[in-house]
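Residue-level structural notes
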Number of protein chains: 2
Amino acid sequence: MTEEKAAPRKRRGSGRATIHDVARLAQVGSITVSRYLKQPSQVSGELGARIAQAVKELHYVPNLVAGGLASTHSRVVGMVIPNISGPIFANTIESFSDTLSAHGYQLLLASSYFSQEQEENAVRAFLGWSPAALVVTGPFHSKATETMLTQAQIPVVETWDYRPRRKPIQVGFSNLDVGQQQARYLLDQGYRRIAFVQNSVPGDLSALDRRDGYLEAMAEAGLQPWTFVPTEPAPFDAGRQAFEALALRKRGRAEAIIFANDNLAAGALLAGQRAGVPIPQQCALMGFGDYAISPLLLPSLTTIRPPARAIGEIAALRILEALGVVASDTPPAKARLNRLACDVIARESA
Amino acid sequence: MTEEKAAPRKRRGSGRATIHDVARLAQVGSITVSRYLKQPSQVSGELGARIAQAVKELHYVPNLVAGGLASTHSRVVGMVIPNISGPIFANTIESFSDTLSAHGYQLLLASSYFSQEQEENAVRAFLGWSPAALVVTGPFHSKATETMLTQAQIPVVETWDYRPRRKPIQVGFSNLDVGQQQARYLLDQGYRRIAFVQNSVPGDLSALDRRDGYLEAMAEAGLQPWTFVPTEPAPFDAGRQAFEALALRKRGRAEAIIFANDNLAAGALLAGQRAGVPIPQQCALMGFGDYAISPLLLPSLTTIRPPARAIGEIAALRILEALGVVASDTPPAKARLNRLACDVIARESA
DNA sequence: TTGTACGCGTTATCAC
DNA sequence: GTGATAACGCGTACAA
């Protein structure tokens, strides 16, 4: 009857060492191991050393799934972003992930492709993991998503936009302000017939906010606005199409064009080169995003640089604060610190 | 004594509806709910309808943490990639994530920045989640990482390289072959004094494989190899530095230069423009990666296009096959299908 | 087809 | 400072 310990246990388990194995080897209670791993200071030096030794010997890796179940919240944070491979959001993902993992949190990532339905699916899937927090892009969600975000009892952050009235933590900038900023920059340069080219991707609602800012600035200046919606799906093509419609017409040409993003502007710029149109002399171009290509174009592209890395880092910090992992900044200033500025990058094209 | 059901239960739980709540409302056993959610066909239509109704009413979201604990393997897959925001890997991440989530799996992501230590930390953290599979980049890991990958009883995929001898599933291409491919392309164009510029980032060992391929091809052709290691940390600067050292010298100039990546090549190309060096007439340039900027440069950059999206998608499919989620391709051909080709993108610079 | 009993590995609670 | 016990919510095994 010596089977008690030596018996090949017919567990369902994964075979990995558990906290009990560690506890047995270190001759302590398993709860003490748990404590030691979290707050070593609460465990006496002697036991701590024995535990550390056992952990090493067994190659023990804590089972975060079990821990998450027991404590009802896991150390993962879900993030839904329109796209991963685009030129804009990758920096946000990276700085967000790095800031999180520096504090022991992991990143669950999914992309929505500007589709509210895909966003909803991702949020639902993430909620199943009892994430410590959730990050979404922008304030435009399906009704079901709104409900889930509200009812989840965890910190929720909306990035890449800033609306003071909304309840989720906002980390980003006002796209409306940016649209005004763009229009005013061109107005200051002396341009008057200024057009705005929207994105041909329908779900990019933030770009519509920038357009509205442009409209406001034009109205203030007492000028007629002029918006164009390309039909070509690919951004370079859409930019070319817009350029042809706005800058290559015989009469009433645009003096300057604002594009919903740098790829559209790049398409227009290349179309201008091909047509021999001097830029910015005959038509100035301004983008949004400051993509990697923008400084390399000829002429280099004047654009707006969004604080992509800052958004990721600050979003992570606000989450860690809300979770009590890091000390919070001076609370009153917090909201203002979340509202970031975009810089006009003045180059040759405008 | 009517407290039985109405009593405010002092559970530790998250407050979310559980499978038991659904079962109670639908008046079925909780296991039936579980079954219905996985294989609705095994549950009779009537009960199924009641369950569906209850799920909707309670906004029930299955707790994946609990499910993962019970079944000892969760529906997450961990991926460690050198960097998220770089121009190369984002497409792999995106296609990988999309293929996974189409089958109900989630992506846990971390970046290593070409550091084996950071990779090790990420793998260790991921293992705590009992992931269904793990994906790493390349075959170069710390000893501890190797051990963990071997002992984890789950599918492991190494991407962005291809070494037939290694045990983990390989999905990628032979960097050695690519180096040869680059050198041979330039040799075919008639260039003889061909140099190779390494990455100034020390951990990029795949680039060294390409260099070795270049060395082999040069040896085969009976030509003297010439490698240069820039010291400037920023890629554009490093490319300029290399161009000045190899192409702007008074005698014995390089006729063609292969760069470890397109950013280095772009830096060189811009330096050439500035110095008034005709490219490719006086010095041809070839990159690797086919970044977004490369077709837009003047002259446009000849380069190698790695199958970034294919790597992500195929890696995901191999994992799903190994997990039995999707039917596998014809097994014998499988290994060969994992070895992908890189295309030479012949443009103006070489 | 449906249900019961139990275990998954950890942490919260409470006692010592 | 340390430990015993009971959840956490679901899936597996087996019985009905």
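This is a predicted model, so every value here is computed, not measured.

**Thoughts on the overall build of chain A**
Tallying secondary structure elements over chain A gives 14 helices and 11 strands in all. Counting only C-alpha atoms, chain A reaches 100 × 40 × 35 Å along its principal axes. Within chain A, the proportion of its 350 residues that are buried is 51%. Total accessible area on chain A stands at roughly 16,100 Å², and carbon and sulfur atoms take up 52% of it. Positive and negative charge centroids in chain A, built from 36 and 31 side chains respectively, lie 4 Å apart.

**What to know about the pairing of strand S8 (residues 256–259) of chain B**
All names here are of chain B. What you see with S8 is no split at all: Ala256 and Ile258 on one side and Ile257 and Phe259 on the other are buried throughout. Pairing analysis gives four bridges linking strand S6 (residues 194–197) to S8, with the strands arranged parallel. Each bridged residue has a counterpart across the sheet, and for Ile194 the counterpart in S8 is Ala256. By the bridge criterion, three bridges tie S8 to strand S9 (residues 284–286) in an arrangement that is parallel. If you follow Ile257 over to S9, its bridge partner there is Leu285.

**Focus: the packing of aromatic side chains**
Under the definition given, this model contains nine aromatic pairs over all chains. Judged by centre distance (5.8 Å) and plane angle (75°), the rings of Trp160 of chain B and Phe173 of chain B are edge-to-face. Of the two residues, Trp160 of chain B sits in the loop between strand S4 (156–159) and strand S5 (169–171) while Phe173 of chain B sits in the loop between S5 and helix H9 (175–188), which places them 13 residues apart along the sequence. No difference in accessibility class separates Trp160 of chain B from Phe173 of chain B, as the two residues are buried. Aromatic rings pair up to connect Phe89, Trp160, Phe173 and Phe288 of chain A into one cluster. Positioned above the aromatic ring of Phe288 of chain A, the side-chain terminus of Arg210 of chain A is 3.7 Å from the ring centre.

**As for the interface of chain A and chain B**
Each partner contributes to the interface: chain A provides 50 residues, whereas chain B provides 50 residues. Of the roughly 4,100 Å² buried at the junction of chain A and chain B (both faces included), carbon and sulfur atoms supply 65%. Where chain A touches chain B, the interface holds zero salt bridges. Scanning the region where chain A abuts chain B turns up 16 residue pairs in polar contact (both at pLDDT 80 or more). Looking at the side of chain A that touches chain B, the elements that each hand over two or more residues are helix H5 (64–71), helix H6 (90–101), strand S2 (106–111), helix H7 (116–127) and helix H12 (262–275) of chain A. Its residues assigned to classes, the side of chain A that touches chain B shows 27 nonpolar, 16 polar and seven charged.

**Overview of the pattern of salt bridges**
Residues and elements named next belong to chain A. A complete count under the given rule lists 32 salt bridges over all chains for this structure. Close ionic contact of Glu46 with Arg50 constitutes a salt bridge, the shortest N to O distance being 3.7 Å. Separated by four residues within a single helix, Glu46 and Arg50 lie in helix H4 (residues 45–58), roughly one turn from each other. Using a relative accessible area of 59% as the deciding quantity, one classes Glu46 as exposed. Residues joined in a network through salt bridges with shared partners are Glu146, Glu158 and Arg166.

**Digging into the sheet that holds strand S3 (residues 133–137) of chain B**
The strand order across the open sheet formed by 10 strands is S5(A)-S4(A)-S3(A)-S1(A)-S2(A)-S2(B)-S1(B)-S3(B)-S4(B)-S5(B), and the pairing between neighbours is mixed. Two strands close off the open sheet at either side, each with one partner strand: strand S5 (169–171) of chain A together with S5 of chain B. For this sheet the average axis-to-axis angle between neighbouring strands, irrespective of direction, equals 25°. On top of the sheet, helix H6 (residues 90–101) of chain B reaches S2 of chain A together with strand S1 (76–81), strand S2 (106–111) and S3 of chain B; it is set at about 175° to S1 of chain B, its chief contact.

**With respect to the relation of the copies chain A and chain B**
When chain A is brought onto chain B, the operation consists of a screw motion whose angular component is 180° and whose axial shift is 0.1 Å, with 0.2 Å RMSD remaining. Given the turn and translation reported, the copies of this chain are related as if by a two-fold rotation axis.

**Here we look at the environment of Arg211 of chain A**
All names here are of chain A. Residue position: Arg211 is located in helix H10 (residues 205–220). Spatially, the C-alpha atom of Arg211 lies 23 Å from that of Thr92, the residues being 119 residues apart in sequence. Look past the residues within four positions of Arg211 in its chain and what remains in contact with it is Phe196, Gln198 and Thr227.

**Concerning helix H9 (residues 175–188) of chain A**
Along its 14 residues, H9 of chain A runs 20 Å from first to last C-alpha, staying within 8% of the 20 Å computed at 1.5 Å per residue. Considered for burial, the residues of H9 of chain A that qualify are Asn175, Val178, Gly179, Gln180, Gln182, Ala183, Tyr185, Leu186 and Leu187 of chain A.

**Considerations on the domain arrangement of chain A**
The assigned domain composition of chain A is domain 1 (19–62), domain 2 (69–173 + 308–340) and domain 3 (175–305). Look at where the C-alpha atoms of domain 1 of chain A and domain 3 of chain A centre, and you get two points 62 Å apart.

**Some remarks on the packing of H6 of chain B against helix H13 (residues 308–322) of chain B**
All names here are of chain B. The interhelical angle for the contact between H6 and H13, taken along N-to-C directions, is 35°, at an axis separation of 7 Å. The two elements H6 and H13 cross, and the hand of that crossing is right-handed. Contact residues: H6 offers Asn91, Thr92, Glu94, Ser95, Phe96, Thr99 and Leu100, while H13 offers Ala308, Arg309, Ile311, Gly312, Glu313, Ala315, Ala316, Leu317, Ile319 and Leu320. By residue class, the composition of the contact of H6 with H13 is nine nonpolar, five polar and three charged.

**Comments concerning the side chain of Thr137 of chain A**
The residue Thr137 of chain A is located in strand S3 (residues 133–137) in this model. Within the structure, the side chain of Thr137 of chain A is placed 2.9 Å from the backbone oxygen of Val80 of chain A, a separation counted as a polar contact.

**Section: unusual backbone geometry**
Between Ile279 of chain A and the following residue, Pro280 of chain A, the backbone shows a cis peptide bond with an omega angle of 10°. Here Pro280 of chain A shows up in the loop between H12 and strand S9 (284–286). Look at the link from Leu298 of chain B to Pro299 of chain B: it is a cis peptide, with omega at -5°. Looking at where Pro299 of chain B falls in the secondary structure, it is placed in the loop between S9 and strand S10 (303–305). Positive phi, close to 65°, is recorded for Thr72 of chain B, a residue that is not glycine. Inspection of the secondary structure puts Thr72 of chain B in the loop between helix H5 (64–71) and S1. One non-glycine residue, Phe114 of chain B, lies in the positive phi region at around 60°. Positionally, Phe114 of chain B belongs in the loop between S2 and helix H7 (116–127). Residue classification places Phe114 of chain B among the partly exposed positions, given a relative accessible area of 26%.

**Description of H7 of chain B**
Structural remark: α-helix, 3.6 residues per turn; residues separated by three or four positions point the same way. Counted at 1.5 Å a residue, the expected span for H7 of chain B with its 12 residues is 16 Å, and the 16 Å between its end C-alpha atoms agrees. For H7 of chain B, every residue scored as buried is listed here: Glu119, Glu120, Ala122, Val123, Phe126 and Leu127 of chain B. Seen from one end, H7 of chain B has its buried residues packed into an arc of 165°, which puts them on one side. Those residues of H7 of chain B that are buried are in contact with S2 of chain A together with S1, S2, S3 and helix H8 (143–151) of chain B.

**Here we look at the sheet that holds S9 of chain A**
Residues and elements named next belong to chain A. Pairing in this open sheet of four strands is parallel, and the strands run S7-S6-S8-S9 from one edge to the other. Unpaired on one side and paired on the other, strand S7 (227–228) and S9 mark the two borders of the sheet. Relative to S7, strand S6 (residues 194–197) runs parallel, the two sharing two bridges. What sits directly across from Val197, in S7, is Phe228. Contacts from helix H11 (residues 235–247) reach S6, S7, strand S8 (256–259) and S9 within the one sheet, and its direction differs from that of S8 by about 155°.

Cut-offs applied
Residues numbered from 1 in each chain as written. Chains lettered and ligands numbered in written order. Predicted model: local features only at pLDDT ≥ 70, side-chain atom pairs only at ≥ 80, totals over all residues. Heavy atoms only, no water. Helix = DSSP H or I, 4+ residues; strand = E, 2+ residues; numbered from the N terminus. Buried < 20%, exposed > 50% of the residue type's maximum accessible area, 1.4 Å probe, protein only. Areas by Shrake-Rupley, 256 points an atom, 1.4 Å probe, with all protein chains shown as cover. Lys, Arg positive; Asp, Glu negative; His and termini not counted. Charge placed at Lys NZ, Arg CZ, Asp CG, Glu CD. Pairing = 2+ DSSP bridges. Phe/Tyr/Trp six-rings, centres within 6.5 Å; stacked < 30°, edge-to-face > 60°. Lys NZ or Arg CZ within 6 Å of the ring centre and 35° of its normal. Contact = heavy atoms within 4.5 Å. Buried area = accessible area lost by both parts, 1.4 Å probe. Salt bridge = Lys/Arg side-chain N within 4 Å of Asp/Glu carboxyl O. Polar contact = N/O pair within 3.5 Å; in protein donor to acceptor, adjacent residues only side chain to side chain. Nonpolar A, V, L, I, M, F, W, Y, C, P; charged D, E, K, R; others polar. Axes fitted to C-alpha atoms, helices over the stretch in contact; angles between N-to-C directions. Least-squares fit on C-alpha atoms with pLDDT ≥ 70 in both. Expected span 1.5 Å × (residues − 1). Domains from an automatic or database assignment. Left-handed = near helix turned anticlockwise from the far one by under 90°. Arc of directions from axis to C-beta.

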